[in-house]
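# Examination of the molecular architecture
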There are 2 protein chains.
Amino acid sequence: MTYCVGILLEQGLVLASDTRTNAGVDQVAIAPKMHVFEVPGERMIVLLTAGNLAITQSVVNLCREQLKSAEGHANLHNVHSMFEAASVVGAAMRSVHQRDGKALKEHGIDFSASVLVAGQIKGEKPRLFNVYAAGNFIEATPDTPYLQIGETKYGKPIIDRVIKHQTNVADAVKCVLISFDSTIRSNISVALPIDLMIYRTDTLSAGKRQRLTEDDPCYASIRKGWSEGLKAVFSSLPDPEWCA
Amino acid sequence: MTYCVGILLEQGLVLASDTRTNAGVDQVAIAPKMHVFEVPGERMIVLLTAGNLAITQSVVNLCREQLKSAEGHANLHNVHSMFEAASVVGAAMRSVHQRDGKALKEHGIDFSASVLVAGQIKGEKPRLFNVYAAGNFIEATPDTPYLQIGETKYGKPIIDRVIKHQTNVADAVKCVLISFDSTIRSNISVALPIDLMIYRTDTLSAGKRQRLTEDDPCYASIRKGWSEGLKAVFSSLPDPEWCA
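Residues numbered from 1 in each chain as written. Chains lettered and ligands numbered in written order. Predicted model: local features only at pLDDT ≥ 70, side-chain atom pairs only at ≥ 80, totals over all residues. Heavy atoms only, no water.

- Per an unreviewed UniProt entry, chain A goes by the name Peptidase and belongs to Methylophilus glucosoxydans.

## Some thoughts on helix α2 (residues 82–106) of chain B
Residue and element names in this part refer to chain B.
- Taking 1.5 Å as the rise per residue, α2 with 25 residues should run 36 Å; its terminal C-alpha atoms sit 35 Å apart, in good agreement.
- Largest kink in α2: about 50°, centred on D100.
- Every buried residue of α2 is accounted for by M82, A85, A86, V88, V89, G90, A92, M93, V96, D100, G101 and L104.
- Of the surrounding elements, those touching the buried residues of α2 are β6 (43–51), α1 (53–66), β7 (113–121), β8 (127–131) and β9 (137–139).
- Two residues or fewer past α2, G108 is found with a positive phi of approximately 70°. (Helix = DSSP H or I, 4+ residues; strand = E, 2+ residues; numbered from the N terminus. Expected span 1.5 Å × (residues − 1). Bend = angle between axes of the 7 residues up to and from the residue. Buried < 20%, exposed > 50% of the residue type's maximum accessible area, 1.4 Å probe, protein only. Contact = heavy atoms within 4.5 Å.)

## What about the interface of chain A and chain B?
- Across the boundary between the two partners, chain A contributes 47 residues, which contact 47 residues of chain B.
- Of the roughly 4300 Å² buried at the junction of chain A and chain B (both faces included), carbon and sulfur atoms supply 66%.
- The largest contributions to the chain A side of the interface with chain B come from R161, F234 and W242 of chain A, which together make up 24% of the buried area.
- For the pair chain A and chain B, the number of links is six salt bridges.
- Every element with two or more residues in the side of chain A that touches chain B is listed here: α3 (156–162), α4 (169–186), β11 (194–200), β12 (208–212) and α5 (217–236) of chain A. (Buried area = accessible area lost by both parts, 1.4 Å probe. Salt bridge = Lys/Arg side-chain N within 4 Å of Asp/Glu carboxyl O.)

## Looking at the relation of the copies chain A and chain B
- Overlaying chain A on chain B yields an RMSD of 0.0 Å, the required transformation being a rotation through 180° with an accompanying axial translation of 0.0 Å. Overall, the copies show the geometry of a two-fold rotation axis. Of every C-alpha in chain A, the one belonging to Y154 of chain A sits nearest the axis of rotation, 2.5 Å from it.
- Of the interface residues in chain A, 100% have counterparts in chain B that sit at the interface too, so the contact is made through matching surfaces. (Least-squares fit on C-alpha atoms with pLDDT ≥ 70 in both.)

## Some details on the environment of L67 of chain A
All names here are of chain A.
- Take L67: it is sitting in the loop between α1 (53–66) and α2 (82–106).
- A residue is classified by how much of its surface remains accessible, and L67, at 26% relative accessible area, is partly exposed.
- For the pair L67 and N78, spaced eleven residues apart in sequence, the C-alpha to C-alpha distance is 8.4 Å.
- Setting aside chain neighbours within four positions, we find L67 in contact with F37, N75, L76 and H77.

Below, the structure is given as structure tokens:
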């Protein structure tokens, strides 16, 4: 399993992914799911991947190889909009499906994969897309300014309660880390370290990237503060009258 | 969809279920999912149901009809332990499967159902079981003193953070209501009103039952207090240094 989330803020993007991959409980490894395509000063595009690792690694590799191909072909370094970037990733997904889909089906394996495509290309605002296994995609909007893939449910309530498009970056980062903490507590197949990127609008270069382990003092203090804070809020709530 | 949760405390049981049933988004109705079998002073047994409504209603009806059948047959009014009570419900599930399983399969419909069986029979402590569609079942223990069925994920993190076997009833009720609020916010197929039962150990009769609507002042004040409290905790958390 996997958990990735992207948040589209006025101030920029907050992107995070876990790093656990597993094929059964006896085959667990660390694999990065955050992939950066950058031309500093001009574009910064990040892919966050979830699903079958063979599929998602193929999609990312195809996107990388296209950068070297003859001019004229659309790739993540020459497209003019994030919409086109999402199309490029969707087309890569369809290529992999064309190559592997039939064989996977014969083995009874779902073609399961999705990719968050987030970033900014000069001339546009930051944008955030979710590319599905079929290569089609949706875009986040200010009304619902986040997208999740993988094990999304445990970490969703806190995002729903806190995140708005106007939320500042620091609050969004705190919220994302709490969302990960909730997910990691509830699903053993999502695990540290967390790859976290903070992208500020119009910087057009890969922002601050952190790989957070359990020992990270900031992550630890957020987890502890949140856990203790929740208990305090709990105590302060009035006891329901029917409990008397 | 449905959400039901049962919590096994030293002080008793806290049980709750939503009341929404739907067959597609254009066929939405209210159906109770909390069913009480009681012999005051001797036993109090509650079934909470999730899954295909035709299956779960059949299971509950079979359990009711058995009460009238000839003596000698195990039913929920004569079994000597909650373990046997779970067996009775499991056997009813298997009867329904025998009657409907093949026809459902021919129509491509999963035989999907589960039942929480909670309560106390004189001579035992309160106990809590989850009966699966196959009629087999597991029991909650003091280490993990709760069971959920239906749309379980959104409401799980808050329970994982707060509930222990030693938690008092009032805190457990608050936690369950917050768990429902988180689920209802995230999944439109889970909805108010909530049926809530508070059972105190050794009372051996149906405890306080509440049907909570949006207008319930206590539920409203817990939702508001929680929402505002979370925001306050959020503000109090230190900004991550990498956000500077």
